[in-house]
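Each chain, letter by letter, is given below.
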Amino acid sequence: MLRLRDLLEINGYEVRVTRDTDRSIHDSGIEGIAEQKSSDMDNRLAVFNENENAICLSIHQNQFTDPKYSGAQMFYSNSNSTSEAFARALQNRFRELLQPDNTREIKLCGKELFLCYYSKNPTVMAECGFMSNPEEAALLNTEEYREKVAFTLYTGISDFVNRKK
């Protein structure tokens, strides 16, 4: 989310994004979808683990077979002791600023969320809403709502970073 990157940089954070377009960052010369995906994930994890004092956020939109589900939800791994607090800060901000009726709880993940599980730094996968929910999908497709999501993530990140100091 480039809006989030811009907000963070304007406020003095050093930001590194692994993607600014919908493209893989697999090693050149790798062929086959599975091999490219594996290389892509390994390269993203290397970026996540490059700096000791980094926090890592993987931003997604959820999808489910039942369109009734909605709301942001944060996933974290216990491979870093502060990832849970990071997830909680983000979830709290979604509830406070954007989705007051959101009752979703943060969720512990396992190895299925490769980047969260193997990252050495505090890491959260943020599912910012459900594309399978027509109302939420419509919101996520507006510039105004995406700006609100970016600001919500920014305030959650700031809460977490400032709590650690």
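Anything mentioned here points back to the structure above.
As a convention, each chain's residues are numbered from 1 in the sequence order in which they are written. Local features in a predicted model are, by the rule used here, given only for residues with pLDDT of at least 70; side-chain atom pairs are given and counted only at 80 or more, and totals for whole chains, interfaces and linings are based on all residues. Water and hydrogen atoms were dropped before computing side-chain values, which therefore reflect all heavy atoms in the structure.

1. Thoughts on the overall build of the protein
Step number 1: Helix and strand labels come from DSSP, where a helix needs a run of H or I of at least four residues and a strand needs a run of E of at least two; each type is numbered from the N terminus. Summing up its helical and strand segments, the protein has six helices and four strands in all.
Step number 2: Written out in order from the N terminus, the α and β elements of the protein read α-α-β-β-α-β-α-β-α-α.
Step number 3: For a compact globule the rule gives 2.2 Å times the number of residues to the power 0.38, and the radius of gyration it is set against comes from C-alpha atoms. Against the globule reference of 15 Å for 165 residues, the protein gives a C-alpha radius of gyration of 16 Å, in line with a compact fold.
Step number 4: Along the first, second and third principal axes, the C-alpha set of the protein runs to 45 × 40 × 30 Å.

2. Let's talk about the sheet that holds strand β4 (residues 123-130)
Step number 1: The rule for pairing is simple: two strands pair if DSSP sees at least two bridges between them. Reading across the sheet, the four strands line up as β1-β4-β2-β3 and stay open at both edges, with mixed pairing between neighbours. On the outer flanks of this sheet lie β1 (56-62) and β3 (107-108), each paired with one strand and no other.
Step number 2: In terms of strand pairing, β1 meets β4 through six bridges, oriented parallel. Following the sheet pairing, His-60 is matched in β4 by Glu-127.
Step number 3: Lying over the sheet, helix α3 (residues 83-98) contacts β1, β2 (73-76) and β4, oriented at roughly 175° with respect to β2. Any two residues having at least one pair of non-hydrogen atoms within 4.5 Å are treated as being in contact. Think of each axis as a best-fit line through the C-alpha atoms, taken over the contacting stretch in the case of a helix, with angles from 0 to 180 degrees between the N-to-C directions.

3. Description of the environment of Gln-91
Step number 1: Mapped onto the elements of the fold, Gln-91 is located in helix α3.
Step number 2: Taking relative accessible area as the criterion, Gln-91 reaches 3% and is therefore assigned buried.
Step number 3: When the C-alpha positions of Gln-91 and Gly-29 are compared, they lie 40 Å apart, and in sequence the two are 62 residues distant.
Step number 4: Once residues lying within four places of it in the same chain are set aside, the contact partners of Gln-91 are Ala-72, Gln-73, Met-74, Asn-102, Arg-104 and Ile-106. Exposure is judged per residue with a 1.4 Å probe applied to protein chains only, and the accessible area is read against the type maximum: over 50% gives exposed, under 20% gives buried, and values in between give partly exposed.

4. Looking at the nonpolar core
Step number 1: Judged by nonpolar contacts, the single largest core of 24 residues is most densely connected at Leu-4, Met-74, Leu-90, Phe-94, Val-149, Leu-153 and Ile-157.
Step number 2: Secondary structure elements with two or more residues in this core: α1 (2-10), β2, α3, β4 and α6 (143-164).
Step number 3: Top contributing element to this core by residue count: α6, with eight residues.
Step number 4: In this view, Leu-4 contacts Leu-57, Ile-59, Ala-150, Leu-153, Tyr-154 and Ile-157; residues no more than four positions away in its chain are not counted.
Step number 5: Think of a nonpolar core as a cluster: buried Ala, Val, Leu, Ile, Met, Phe, Trp, Tyr and Cys residues, connected wherever their side-chain atoms sit within 4.5 Å. Among the nonpolar cores identified, the runner-up in size contains five residues, and Phe-75, Cys-109, Leu-113 and Met-125 belong to it.

5. What to know about the environment of Cys-109
Step number 1: For Cys-109, the position within the fold is in the loop between β3 and α4 (114-118).
Step number 2: Each C-alpha atom, one on Cys-109 and one on Val-124, is 9.8 Å from the other, the two residues being 15 residues apart in sequence.
Step number 3: When sequence neighbours within four positions are dropped, the list of residues in contact with Cys-109 reads Tyr-76, Ser-77 and Cys-116.

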